[in-house]
Amino acid sequence: MTHVLIIEDAPDAAELATALLRSSGFDTSSATTAASAVDQARSLRPDVILLDLGLPDGDGIDLCRALRELGDAPIIILTARDDEVDKVLALKLGADDYVTKPYSPRELLARIEAVLRRTRSRPPSSDDERRIGDLVVRPSSHQAHIGDRELELTRTEFAILAALTEHPDRVLSRTALRERVWGADWYAGDHVVDVHMANLRRKLDAGTDGPSRIRTVRGVGYRMASAGAE
Amino acid sequence: VSTHPDAEGTPVDLAALDELAVDLGSVEPVRSIVETYLTELGRRRELVLAAAAAGDIDNVHHAAHLLRSTSRTLGAHGVDRVAAELEAAPQPVDGGLLDRFEQVVRITVSALEGWISEGPASRS
């Protein structure tokens, strides 16, 4: 059974989410503080995490970062805040989606099912090691190195890198990239792709002054430069 | 009090609870959620009034913000609307706004307690 960890301090909101998910066949657990959320994420290994940004004992953004470092479970941000900055920041720190409260029960379920589909429908990893200059990508072990430096990538960043390195120098359109990484049912805007792409580039290109290894082909999409950071 | 599904202009739309019961497969979890909501509504009402009396506008905004989380899902549109005004209210909070807040909380509590005791079947 799919296990959802609900991190929410408001009792009525937590009970609503719990009832909704259980009635739809999910197993749930809940945490009302950042500290207990980290403990439960570590011990229960949930399949999906719902995270309310406004917890009493810590900043939700910091918690999102900590949860991402603990594992690969998709994180959906629940926020009553209309503040775009919070949503973008959460996505930058590894959240997979967000839902603005008050949400409709059906929307929340649809979002959870969508992140699960995206997670589970990704093509099986190839054991082939890909070498592009000093960049080495190993999809089977979810590892990427530049020289001796291991890149610490989120699941989404790694999926983007894996898609781009499958055929170096071949342009991948934004649509094709979205479908490869998030699935065809993704319905967020281009800014989500932009945020993850910017994070990946920052990690790939750290310490170099030249053009990015990931080239933007204006009006078409992206391609991985075969000679690395030229 | 309205039972019309599109009645967002009314203080309480009890049809939202019926729809939620359909989503959850039963009316029982909705009763439990409404009971929890009523407890929280009372607690947050006290927080708003105490913070307003103390001139603590940040806590007025925070408590009002919490009120909005589930109010609309439970059809408490009046609470949601007044809480939105409180969330943006300048210091000092207008007395008329606080009066409207108290009034809409009373109406909401009465309507939801009625729904709990009578249930959706009695209105059909």
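Below is a short write-up of the structure. None of these values were measured; they are calculated from a predicted model. (Residues numbered from 1 in each chain as written. Chains lettered and ligands numbered in written order. Predicted model: local features only at pLDDT ≥ 70, side-chain atom pairs only at ≥ 80, totals over all residues. Heavy atoms only, no water.)

## A look at the nonpolar core
So, point 1. Core analysis: the biggest nonpolar cluster contains 57 residues, and A:Leu50, A:Ile112 and B:Leu86 have the highest contact counts within it.
So, point 2. Apart from the residues within four sequence positions on either side, A:Ile112 is in contact with A:Leu21, A:Phe26, A:Val48, A:Leu50 and A:Ile76.
So, point 3. Core analysis: the second largest hydrophobic core is formed by 50 residues, A:Leu67, A:Ala95, A:Ala144 and A:Tyr222 among them. (Core = buried A, V, L, I, M, F, W, Y, C linked by side-chain atoms within 4.5 Å. Buried < 20%, exposed > 50% of the residue type's maximum accessible area, 1.4 Å probe, protein only. Contact = heavy atoms within 4.5 Å.)

## Here's the deal with the pattern of salt bridges
So, point 1. Considering all chains together, one arrives at 23 salt bridges over all chains under this definition.
So, point 2. In this structure, A:Arg131 and A:Glu129 form a salt bridge, with 2.8 Å as the shortest nitrogen-oxygen distance.
So, point 3. Classification of A:Arg131 by relative accessible area gives exposed; the value is 57%.
So, point 4. By sharing partners, the salt bridges in this structure join A:Asp12, B:Glu40, B:Arg43 and B:Arg44 into a single network. (Salt bridge = Lys/Arg side-chain N within 4 Å of Asp/Glu carboxyl O.)

## Here's the deal with the sheet that holds strand β13 (residues 214–217) of chain A
Residues and elements named next belong to chain A.
So, point 1. Spatially, β12-β14-β13 is the arrangement adopted by the three strands of the open sheet, whose pairing is antiparallel. The open sheet has two edge strands with one neighbour each: β12 (172–173) and β13.
So, point 2. Judged from the two bridges that link them, β12 and strand β14 (residues 221–224) form a sheet pairing that is antiparallel. Looking at β14, one finds that Ser173 is bridged to Gly221.
So, point 3. Helix α6 (residues 155–166) rests against β12, β13 and β14 of the sheet, and its axis sits at about 75° to β14.
So, point 4. Sheet contacts for helix α8 (residues 190–204): β13 and β14; angle to β13, the most-contacted strand, approximately 140°. (Pairing = 2+ DSSP bridges. Helix = DSSP H or I, 4+ residues; strand = E, 2+ residues; numbered from the N terminus. Axes fitted to C-alpha atoms, helices over the stretch in contact; angles between N-to-C directions.)

## Section: the pairing of strand β9 (residues 135–138) of chain A
Residue and element names in this part refer to chain A.
So, point 1. With three bridges connecting them, strand β8 (residues 130–132) and β9 associate as antiparallel partners. For Arg131, the partnering residue across the bridge sits in β9 and is Val136.
So, point 2. Connecting the antiparallel pair β8 and β9 is a turn made up of two residues, with Gly133 showing a positive phi of about 60°.
So, point 3. In sequence, β9 turns back onto strand β10 (residues 143–146) through a hairpin of four residues, with His142 there showing a positive phi of about 55°.

## Considerations on the interface of chain B and chain A
So, point 1. Tallying the contact residues gives 16 residues for chain B and 16 residues for chain A.
So, point 2. Across the chain B/chain A interface, buried area totals approximately 1,500 Å², and carbon plus sulfur atoms make up 62% of it.
So, point 3. Between the two partners, chain B and chain A, sit two salt bridges.
So, point 4. Residue B:Asp23 is joined to A:Arg106 by a salt bridge in which the shortest nitrogen-to-oxygen separation is 2.8 Å.
So, point 5. For the interface between chain B and chain A, the tally reads six residue pairs in polar contact (both at pLDDT 80 or more).
So, point 6. Every element with two or more residues in the side of chain B that touches chain A is listed here: α1 (15–24), α2 (28–53) and α3 (57–71) of chain B.
So, point 7. Looking at the side of chain B that touches chain A element by element, the count peaks at seven residues for α2(B).
So, point 8. A per-class count over the side of chain B that touches chain A returns five nonpolar, six polar and five charged. (Buried area = accessible area lost by both parts, 1.4 Å probe. Polar contact = N/O pair within 3.5 Å; in protein donor to acceptor, adjacent residues only side chain to side chain. Nonpolar A, V, L, I, M, F, W, Y, C, P; charged D, E, K, R; others polar.)

These figures come from the coordinates and say nothing about function on their own.
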